[in-house]
Number of protein chains: 2
Amino acid sequence: MSNPCIICVAITGSLPKKANNPAVPITVAEQVESAQEAFEAGATICHAHVRNDDETPSSDPEKFARLKEGLEAHCPGMIVQFSTGGRSGAGQARGGMLPLGPDMASLSVGSNNFPTRVYENPPDLVDWLASEMAMHGVVPEVEAFDLSHILRAAEMAKAGQIPPVPYVQFVMGVKNAMPADREVFDFYIRTVHRLFGDDAPWCAAGIGANQLLLNEWAISSGGHART
Amino acid sequence: MSNPCIICVAITGSLPKKANNPAVPITVAEQVESAQEAFEAGATICHAHVRNDDETPSSDPEKFARLKEGLEAHCPGMIVQFSTGGRSGAGQARGGMLPLGPDMASLSVGSNNFPTRVYENPPDLVDWLASEMAMHGVVPEVEAFDLSHILRAAEMAKAGQIPPVPYVQFVMGVKNAMPADREVFDFYIRTVHRLFGDDAPWCAAGIGANQLLLNEWAISSGGHART
Ligand SMILES: [Zn+2]
Ligand SMILES: [Zn+2]
Ligand SMILES: [Zn+2]
Ligand SMILES: [Zn+2]
């Protein structure tokens with residue numbers, strides 16, 4: 001197979017705590033251990049959030065720095081992807097770890113609803129995050145919570161804000177945002193190919209109960225998978 | 001033709017002022033006069049915002065009440081549609097005119113970016129606006145600024161929050177939201193038909209320079225038009 005499937009492991013999201021699942025890695029040491037197991041099992045990207053000591057989401061660059069060090073030591077060659085998502089902080093604090101120069105970082109390019117609130121990514125913050133990534137050599141993973149986000153990525157690529165062929169992730173199954181809908185999924189793929197070429201990479205993440213379904217859809221359609 | 005095209009005239013948006021275009025109707029008297037001209041020319045829906053005396057957007061129910069009276073007197077049978085959009089107020093103030101019982105009101109069901117900010121429609125506000133419309137017999141026009149908004153409308157229809165076959169408007173050409181893209185437009189139509197049936201009505205609004213383009217696309221594809 002000329003185009004191997006890339007497996008991205010999200011070791012620690014922003015929400016689940018030990019009380020929800022005792023296996024969730026919270027401390028940096030736990031995160032590195034968890035990433036190493038996934039790395040040895042074949043995952044090549046580690047998507048990571050960090051947490052405060054009370055398990056709440058954090059965007060502390062110091063924690064991200066220790067995580068990056070640990071991953072580099074224990075998972076040599078694994079692609080380190082930091083989250084700049086909005087659950088861990090507000091405004092430019094979300095990108096405070098970008099000067100550490102991780103291989104990749106998630107980049108939301110539009111706004112949408114989340115289960116109980118608005119996921120706010122105002123245009124000036126999006127532009128700033130993209131410029132920070134460009135400045136520090138960080139490859140963005142564009143998080144497409146809705147269709148317009150893929151078209152927005154094309155405009156940003158044309159403007160030179162992100163690479164000409166960005167790595168796009170379809171996020172489906174978030175309540176009040178885009179559900180896991182097969183017709184939409186197929187249209188997302190067609191849109192990526194139309195805007196960025198037939199070889200443009202993409203991956204898909206199903207939230208909660210939709211995770212395995214989205215893995216199936218992605219792998220069988222030539223995309224990459226998020227676990 | 002068994003399915004005549006409905007023309008919706010937006011007499012006064014939320015932004016343009018007299019300085020931009022001296023023909024923009026600002027006072028209620030000017031609005032009624034403008035609507036009457038459009039009504040006589042064939043428009044059957046009047047989409048309306050109201051303005052303060054200094055031309056800034058308003059959500060004052062008193063102004064909406066005077067506008068409704070004027071429209072009923074001068075444009076008998078014209079469908080009155082009030083905007084509950086976010087430029088005229090915040091939170092529940094956006095729906096303060098719904099107890100007046102206009103025929104229709106615009107309903108945004110998701111959030112997205114606008115040119116310089118986030119267009120915030122948090123889930124609890126969306127639910128409240130829909131329930132106010134249902135309580136006062138107001139038919140919603142679902143504003144689809146992005147694809148997920150059409151799927152969200154289907155969930156709300158299933159939950160009985162809005163009619164089983166809602167009237168959906170595609171909004172294209174807002175900077176940082178969905179551009180005027182023909183493939184997306186055609187997929188929007190397919191999605192409306194898939195979710196609400198082949199006879200489900202829809203209309204399209206092109207913002208700014210995209211207005212005539214969207215009118216063309218909508219009319220030639222069996223949709224209704226916003227001027
Ligand atoms: Zn994440
Ligand atoms: Zn991914
Ligand atoms: Zn309007
Ligand atoms: Zn309309």
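Coordinates for the structure precede this section.
Residues numbered from 1 in each chain as written. Chains lettered and ligands numbered in written order. Predicted model: local features only at pLDDT ≥ 70, side-chain atom pairs only at ≥ 80, totals over all residues. Heavy atoms only, no water.

Asks: What's the story with the nonpolar core in this structure? I'm lost.
Replies: One recurring pattern in soluble globular proteins is that nonpolar side chains are buried together. Counting 110 residues, the largest nonpolar core has F170(A), F185(A), F170(B) and F185(B) as the members making the most contacts within it. Excluding its chain neighbours within four sequence positions, the residues that come into contact with F170(A) are A144(A), I150(A), F185(A), Y188(A), I189(A), V192(A), W202(A), C203(A), A204(A) and A205(A). (Core = buried A, V, L, I, M, F, W, Y, C linked by side-chain atoms within 4.5 Å. Buried < 20%, exposed > 50% of the residue type's maximum accessible area, 1.4 Å probe, protein only. Contact = heavy atoms within 4.5 Å.)

Asks: What am I meant to see in the coordination of the zinc ion (ligand 3) here?
Replies: The reference angle at a metal is 109.5 degrees if four donors form a tetrahedron and 90 or 180 degrees if six donors form an octahedron. Residues and elements named next belong to chain B. Surrounding the zinc ion (ligand 3) are the protein donor atoms H47 (NE2) and H49 (NE2), which sit 2.0 to 2.1 Å from the metal. Overall, the relative accessible area of 5% leaves H47 in the buried class. A residue is classified by how much of its surface remains accessible, and H49, at 10% relative accessible area, is buried. (Donors = N, O, S within 2.8 Å, 3.2 Å for Na, K, Ca; no water.)

Asks: Just to check I follow, could you spell out the environment of T84(A) for this structure?
Replies: All names here are of chain A. In this structure, T84 sits in the loop between β5 (79-82) and β6 (104-108). By relative accessible area, T84 is classed as buried at 1%. Along the sequence, T84 and E33 sit 51 residues apart, while their C-alpha atoms lie 22 Å from each other. A distance of 2.5 Å separates the side chain of T84 from the backbone oxygen of S106, its partner in a polar contact. (Helix = DSSP H or I, 4+ residues; strand = E, 2+ residues; numbered from the N terminus. Polar contact = N/O pair within 3.5 Å; in protein donor to acceptor, adjacent residues only side chain to side chain.)

Asks: Sorry if this is basic, but what is going on with the coordination of the zinc ion (ligand 2) here?
Replies: Residue and element names in this part refer to chain A. Donor atoms from the polypeptide that bind the zinc ion (ligand 2) are E141 (OE), Q169 (OE1) and C203 (SG), placed at 2.5 to 2.8 Å. Taken in sequence order, the residues that donate to the zinc ion (ligand 2) follow the motif E-x27-Q-x33-C. Placement of E141 in strand β9 (residues 139-144) and of C203 in strand β11 (residues 202-206) is noted, with a sequence separation of 62 residues between them. You can call E141 buried: its relative accessible area is 0%.

Asks: What is the right way to read the sheet that holds β11(A) from this model?
Replies: Within a sheet, each strand pairs with its neighbour through backbone hydrogen bonds, oriented either parallel or antiparallel. All names here are of chain A. If you walk around this closed barrel you meet the 8 strands as β1-β2-β5-β6-β9-β10-β11-β12, and the pairing is parallel. Neighbour-to-neighbour, the strand axes of the sheet open up by a mean angle of 25 degrees, direction not taken into account. Bridging between strand β10 (residues 167-172) and β11 involves 5 bridges; their strand directions are parallel. Note on β11: the bridge partner recorded for M172 is G206. The sheet strands contacting helix α2 (residues 61-74) are β2 (45-48) and β5, and the helix crosses β5 at an angle near 165 degrees. Docked against the sheet, helix α3 (residues 123-135) engages β6 and β9, running at close to 165 degrees with respect to β6. (Pairing = 2+ DSSP bridges. Axes fitted to C-alpha atoms, helices over the stretch in contact; angles between N-to-C directions.)

Asks: Sorry if this is basic, but what is going on with the relation of the copies chain A and chain B here?
Replies: Between the two copies of the chain lies a relationship made up of a rotation around an axis and a movement along it. Superposing chain A onto chain B takes a rotation of 180 degrees combined with a translation of 0.0 Å along the rotation axis, leaving an RMSD of 0.0 Å. Taken together, the rotation angle and the small translation identify this as a two-fold axis. Minimal C-alpha separation from the rotation axis in chain A is found for N112(A), amounting to 2.6 Å. An overlap of 100% is found between the interface residues of chain A and their copies at the interface of chain B, pointing to a shared contact surface. (Least-squares fit on C-alpha atoms with pLDDT ≥ 70 in both.)

Asks: Could you clarify how one ought to interpret the interface of chain A and chain B in this entry?
Replies: Size of an interface: often given as the accessible area lost when the parts come together. Counting residues at the interface gives 31 residues for chain A, matched by 31 residues for chain B. Between chain A and chain B, a total of about 2400 Å² is buried, with carbon and sulfur atoms accounting for 58% of that surface. Its salt-bridge partner being D181(B), residue R194(A) comes within 3.0 Å of it at the nearest N-O pair. Linking chain A with chain B are 10 residue pairs in polar contact (both at pLDDT 80 or more). (Buried area = accessible area lost by both parts, 1.4 Å probe. Salt bridge = Lys/Arg side-chain N within 4 Å of Asp/Glu carboxyl O.)

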